[in-house]
Amino acid sequence: MVNRLISRRDFIKKCAYCACGMTAWGAFPSLGLRSAFASGNNKKVLFVNLNGGWDTLQVLQPATGQLYNTLANYRPTLKTDPSQLLMLSSDYGLHPNLTNINSIWQEGKLGAIFNLGYENMSRSHQDAEVAFARGVIDRKNPTASGFINRLGEYYKFTSMQAVSVSGTDPAFSGGAFTGVQTPGLENYYYEHFGSDWSEGYFRQDNLYSQASLSSYDILKPKQKETLNAVDLAINTSTTIKSAVKNATFIQNYPNTYLGRSFKDSDILFSTPTLNTEISYIRRIGFDTHSNQGSSFPNLLAELDTAFGIFVTNMKAKGLWNNLMIVIFSEFGRTNKENASAGTDHGGASTVLVSGGLTNGGLYGELQLSDLTDNGWLPQRYYTVELYRQVIAKMGYDPQPIFGNTAGPSLGGLFI
Amino acid sequence: MGFNNYLQIVIIFLICVFTPEYALTTPKPVVVNPKSIFSIKKSNGKKIYCSTIKNVKTYGKIVSGKKNLFIPGNLFIKELKLKLSQAKRAKDKKAISSLTKKLKLLNQETSLNNNICKNGSDTPSPTPTSSTPTTPPTPFAGDPNAVSLEPIERNLTSDEVRTLFVKAGFGFTEKEQTLINDLGSSPASGTIVDRFMAEREEDNGVLDTVTNFLDGDLSKSSWQHTPSGQRQAIFYLMANTNNYFAERLTLALLGIWTVAGDVIADETFRHTFWNYYQILRKHAHGIADLPSLGIEVTRDPLMLIYLNNGENTKESPNENYARELQELFTMGPENLDGLPNYTETTLSGAGDIATAARALTGLTYNLNYSTNQIDVSYQVKKHAVGPHVMYPGTPYQFSAENYEDLINGIFSHHPNVKFFYAKELLKEYVTPNPPRELIEAFGKVIADSNYQLRTAMSSLLKSKAFYNPLWKDSLPKNSLLFGVEAVKILGLSKAYNYGEADRQMMNMQMPINLAPSVFWFNPEGWTNPAILMEKANFLSQILGDSTAQNSSSPPWDPMSLVPSGNKSPSEVIEYVRTKLGLPEFSADQKAALVNYMNTVRWYDASLHKEEYNNQNLDKVKQKGHGLYYLLLNSMQFQLE
């Protein structure tokens, strides 16, 4: 048995080592001694992809000066009167339906990043979403897999460490990592209508297991992917079913799409056995080409309500302080409203970042030329820089996942 | 200094005091020429130091205040290894674990930084996945027949016949076998493809049943003709049709000319999706002339509403449909070299999208509550008079006056339309990522056919490429194709309760008349755990839930799935394998399945050994159906 008591001489000697150690800590930040502490740090991130291209000029609107005047001229029906905005600063205000998000701003835990995008931005839904999902500097130089897939593959994530609660998603696709991607946790279990077919037989016979297939190595990629996916479903269904059954909430979620998705994310984050670090929501419907004045505020209200309840639950469960929430869309919308009282596909957009780890504030600002030079906002901040900051905060080295960053740093985004 | 920094200091202090001596030390520096030391700022803002040691640029640490003392990074590794060996000798498991992790990280970090020193810049380390360049892809290096659209000259094997019916139809069951019995076991490719594609009368009652699902009489206030009823009708039609090619092509066309039935909230007009689907069917059953299809879809009321072209007038232009017409329906945003196919709208209103939007003006609709139809009209006064010059300054510039000119012009002038359709159809019928050579070859065939898909598809289905082994088992079945084929194989195509099918399709993420995701039809997406699980649930339900077997007329005989007579487990397995058309099993797979046959599941879900009893008909049915469950879930069946 090891004697853990130490003598006075040893104590002094070790204190000296300690001083050296502290010097070394500061001196060798890039040697991995720090990151050994940092990795697996139990920090969590929720990505909320508001698919279709959300109109961030209506989400966070200029409220004064030439910016407001120009925008008001461009958007006769879609502008919000500054008196109704929830002001974040003297120049910008949130849409009045975002009261819960505004509360988080008041707590200093909401960051808004203006003009975020990537090089060679696309105004095609599919191309733009792929660019966001891949997490690259330049859309024209893509990777073959989504950034969550790369992260999971590199750091050998379990299938539950990164989960999409909105079904298949390109951020999870294209590489060796197989994360759970379900349209909802409620239905993620095997049904047993008969007495003789169940995943129990899958397990017993090891029918799908790699181990039982002597020819696994020569299988085609799609064949391997299918085998792995079935294995994964078998191995995770019971755990998730149990988590759903045992979940409790301080405040219940509404039965809206985002309500259900935030609820699923709550379950994932608050069930220790799942060890989920990334939850991913994708809510379609933000492609508001017409009558935006009636449809978009409803979408924002749905977001804000679900968000507010999620925050309440996360705080009550002691998870808020280790949390990041990233709310984004594949592109913004045109600066001018169209003749159908809607907006068309735009360019860069504003991304909202929240959670207890966030350093609240406005990152960047809109320029008048952003509104007048083109029909859509130009890009200044890079998606990849945002992702890098999130991943680094989670304790993972972003370099092997993303390579270089570009553009202005978002180094102060998180505490 | 923030709280975290203080926390770090406290942690280090505690670690140092209460851990053995092998925790942290600094290696001895080496003496170098001060001029050989240089720094590089990494992309994350951190600075690292490098020095040339033995002609190799090496990462390391300079000793503060000493310009000629340098500690190469590998010395830290060496030091850590030494400490690790000490910890191992002391059998301190905690320290071993900690040092091993540190060593791993240190190795990674040092290797990364050494590369940065060597390259002189912070270039990205190789990502785990290969990059996909957009221009131009590597030439196809595999079997040239895999990209050849020359006719396959020899007769088809039975396996290739199955490939034809599975990939281009809805599976290969006894019904399809009967259709080609007279052609022998090894028919000529041309003969069998012509037979496969031929238009045939549907069986008695099939179309009536489809109509019943829809309840064509809109004056009735019934649950039918709902979005659910439409989905059931489509599922039923696919499971019972004699026109495999045309109904399958309809689904492929819906994947391109995508629309959402739920965009119209008013129940009065909820039949509009079905009407839209009939446009696609009409063309799939005919010559599938794409320009004509495009014109008809453009003036369809559901499409006018879905993509806002019904609001697009000369006074109030709306560019949504103009964009998607080019991006989703005809050419895609970029060509095969990654260059834009069209120009965006400028502030002055120029650009191909804005121009196309002007050409598309004039179509309007009216919700007619007296007829329960949406009337579409073309109003000259709402049309922006042209000529509208598309793609100006390019060799394929053309002038359009109205939407018909525009669509005809796009198909006849724009060079990428043929490649767009080639790629989309190859993704649907051959492989999810077709090589450029195959896209170009098929694109030429499509253009040569004047965009008549029946002609072009006939060439594809008779080609060497279509049957090439390289593309076998590379295409995951989408949920609908999987479900229809399973229902057919199990003999439930008429007896199945299609209300249950609809529920399962929703679970399998393919409610085909609702708003599709951009990735809805992307073959990449169909092999994810949740969908495979729901496919298993679908099978569990149709095999085990009596509500799924709507067996009153005609009755379904569950024993029809298992061989008659006293069969051994191996014989039953072979019977089911043949019925499903699966390849030979490996020895491991056979052993696993025999093991299944000799196992029973108790009430508490535990599994126990019990020899298969072929005298007990309940057991024969139970184990036989279980085999279907296992094998329909197999990788071999999931992939085409």
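Residues numbered from 1 in each chain as written. Chains lettered and ligands numbered in written order. Predicted model: local features only at pLDDT ≥ 70, side-chain atom pairs only at ≥ 80, totals over all residues. Heavy atoms only, no water.

1. A word on the overall build of chain B
In step 1: The number of helices and strands found in chain B is 26 helices and 11 strands.
In step 2: Going through the 640 residues of chain B one by one, you find that 54% of them count as buried.
In step 3: In chain B, of all internal contacts separated by at least 6 residues, the share reaching a separation of at least 24 is 67%.
In step 4: Here chain B has roughly 26,800 Å² of accessible surface; of this, 53% comes from carbon and sulfur atoms. (Helix = DSSP H or I, 4+ residues; strand = E, 2+ residues; numbered from the N terminus. Buried < 20%, exposed > 50% of the residue type's maximum accessible area, 1.4 Å probe, protein only. Contact = heavy atoms within 4.5 Å. Areas by Shrake-Rupley, 256 points an atom, 1.4 Å probe, with all protein chains shown as cover.)

2. Notes on the overall build of chain A
In step 1: Within chain A one finds 14 helices and 11 strands.
In step 2: The proportion of buried residues among the 415 residues of chain A is 61%.
In step 3: Within chain A, contacts between residues separated by at least 24 positions form 71% of all contacts whose residues are at least 6 apart in sequence.
In step 4: Element-wise, carbon and sulfur atoms account for 50% of the exposed surface of chain A, whose accessible area totals about 14,400 Å².

3. Regarding the confidence of the model for chain A
In step 1: Looking at chain A as a whole, its pLDDT mean stands at 86, while 84% of the residues score no less than 70.
In step 2: Within the model, pLDDT remains below 50 along residues 208–214 of chain A, and this stretch shows 21 contacts once partners closer than five positions in the same chain are excluded. (pLDDT = per-residue confidence, 0-100.)

4. Things to note about helix α6 (residues 125–134) of chain A
In step 1: Judged by how many residues are buried, α6(A) sits mostly within the fold: eight of 10 residues are covered.
In step 2: Of the residues making up α6(A), those classed as buried are A:H125, A:D127, A:A128, A:E129, A:A131, A:F132, A:A133 and A:R134.

5. Digging into the sheet that holds strand β3 (residues 86–87) of chain A
All names here are of chain A.
In step 1: Taken in spatial order, the three strands make up an open sheet running β2-β4-β3, and their pairing is antiparallel. The sheet terminates laterally at β2 (60–62) and β3, the two strands that pair on one side only.
In step 2: Alignment of β3 against strand β4 (residues 92–94), held across two bridges, turns out to be antiparallel. By the bridge assignment, M87 is partnered in β4 with G93.
In step 3: The strands touched by helix α4 (residues 65–74) within the sheet are β2 and β4, with β2 carrying the most contacts at an inclination of about 105°. (Pairing = 2+ DSSP bridges. Axes fitted to C-alpha atoms, helices over the stretch in contact; angles between N-to-C directions.)

6. Some points on the packing of aromatic side chains
In step 1: One pass over the full model with this rule turns up 44 aromatic pairs over all chains.
In step 2: Where B:F269 meets B:Y369, the ring centres are 5.1 Å apart and the plane angle is 70°; that geometry is what we call edge-to-face. Taken together, the positions of B:F269 in the loop between α9 (244–256) and α10 (272–285) and B:Y369 in the loop between β6 (363–368) and β7 (373–378) put the pair 100 residues apart, joining distant regions of the chain.
In step 3: Among the residues examined, B:Y369 registers a relative accessible area of 47% and is labelled partly exposed.
In step 4: Stacked on the ring of A:W320, the Lys or Arg A:K315 has its end atom at 5.3 Å from the ring centre. (Phe/Tyr/Trp six-rings, centres within 6.5 Å; stacked < 30°, edge-to-face > 60°. Lys NZ or Arg CZ within 6 Å of the ring centre and 35° of its normal.)

7. Side note on the nonpolar core
In step 1: A:F262 and B:W257 are the most contacted members of the largest nonpolar core, which has 222 residues in total.
In step 2: Per-element tally for this core: the top contributor is helix α11 (residues 292–316) of chain A, with 10 residues.
In step 3: If we ignore the near neighbours within four places in the chain, the residues touching A:F262 are A:L46, A:V48, A:Y253, A:I281, A:L303, A:A306, A:F307 and A:F310.
In step 4: Membership of the second largest hydrophobic core comes to 42 residues, among which are A:A133, A:F147, A:L410 and A:L413. (Core = buried A, V, L, I, M, F, W, Y, C linked by side-chain atoms within 4.5 Å.)

8. Topic: the pairing of strand β1 (residues 44–50) of chain A
Residue and element names in this part refer to chain A.
In step 1: With seven of its seven residues buried, β1 lies for the most part within the structure.
In step 2: Neither face of β1 is exposed, since K44, L46, V48 and L50 on one face and V45, F47 and N49 on the opposite face are all buried.
In step 3: Two elements, β1 and strand β8 (residues 323–328), share six bridges in a ladder whose sense is parallel. Of the residues in β8, the one forming a bridge with L46 is I325.
In step 4: Bridge count for β1 against strand β7 (residues 278–283) is six bridges, and the pairing is parallel. Looking at the pairing, V45 lines up with I278 of β7.

9. Focus: the environment of B:N366
All names here are of chain B.
In step 1: Residue position: N366 is located in strand β6.
In step 2: Taking the C-alpha atoms as reference points, N366 and S377, separated by 11 residues in sequence, lie 8.3 Å from one another.
In step 3: Excluding residues that lie within four positions of it along the chain, N366 makes contacts with Q373, I374 and D375.

10. Topic: the confidence of the model for chain B
All names here are of chain B.
In step 1: Put simply, chain B has an average pLDDT of 84, and 87% of its residues get 70 or more.
In step 2: Below a pLDDT of 50 lies the segment residues 217–224, which in the model reaches 13 contacts outside its immediate sequence neighbourhood of four places, other chains included.
In step 3: Here the prediction assigns the complex a pTM of 0.78, and the interface score ipTM is 0.78.

11. Quick look at the packing of helix α13 (residues 320–330) of chain B against helix α15 (residues 403–413) of chain B
All names here are of chain B.
In step 1: Contact geometry for α13 and α15: axes closest at 12 Å, N-to-C directions at 40°. Considered as vectors, α13 and α15 are oriented oblique to each other. Between α13 and α15 lies a crossing whose hand is right-handed. Between α13 and α15, the contacting residues are L325, Q326 and T330 on the first element and L406, I407, I410 and F411 on the second.
In step 2: Of the residues belonging to the contact of α13 with α15, the class tally is five nonpolar, two polar and no charged. (Parallel < 35°, antiparallel > 145°, perpendicular 65-115°, else oblique. Left-handed = near helix turned anticlockwise from the far one by under 90°. Nonpolar A, V, L, I, M, F, W, Y, C, P; charged D, E, K, R; others polar.)

12. Let's talk about the pattern of salt bridges
All names here are of chain A.
In step 1: Taken as a whole, this structure holds 39 salt bridges over all chains when the rule is applied.
In step 2: Across the pair E129 and R282 runs a salt bridge, and its minimum N-O distance is 2.5 Å. Taken as a pair, E129 in helix α6 and R282 in strand β7 lie far apart in primary sequence, 153 residues in all.
In step 3: Taking the relative accessible area as the measure of exposure, E129 reaches 2% and is therefore buried. (Salt bridge = Lys/Arg side-chain N within 4 Å of Asp/Glu carboxyl O.)

13. With respect to the environment of B:L627
Residues and elements named next belong to chain B.
In step 1: Inspection of the secondary structure puts L627 in helix α25 (residues 617–632).
In step 2: Considering only alpha carbons, one finds L627 and L425, 202 residues apart in sequence, at a separation of 34 Å.
In step 3: When near neighbours in sequence (up to four residues on either side) are disregarded, L627 contacts V572, I573, V576, L593, Y596 and M597.

14. So, unusual backbone geometry
All names here are of chain B.
In step 1: Residue P387 is reached from G386 by a cis peptide bond, and omega for that bond is 10°.
In step 2: Turning to its location among the elements, P387 is positioned in the loop between β7 and β8 (388–390).
In step 3: Phi angles above zero are rare outside glycine, and N450 is one such case at about 60°.
In step 4: Given a relative accessible area of 55%, N450 falls into the exposed group.

15. Notes on the environment of A:L88
Residues and elements named next belong to chain A.
In step 1: For L88, the position within the fold is in the loop between β3 and β4.
In step 2: In sequence terms L88 and Q367 are 279 residues apart; their C-alpha atoms lie 17 Å from each other.
In step 3: The residues touching L88, leaving out its near neighbours within four places in the chain, are L60, G93, L94, N102, W105 and L362.

16. A closer look at the packing of helix α23 (residues 569–580) of chain B against α25(B)
Residues and elements named next belong to chain B.
In step 1: At a minimum axis separation of 10 Å, α23 and α25 run at an interaxial angle of 50°. By the angle class used here, α23 and α25 are oblique. Crossing geometry of α23 relative to α25 is assigned as right-handed. Seen from α23, the contacting residues are V572, I573, Y575, V576, K579 and L580; seen from α25, they are L627, Y628, L631 and L632.
In step 2: Of the residues that constitute the contact of α23 with α25, the class distribution is nine nonpolar, no polar and one charged.

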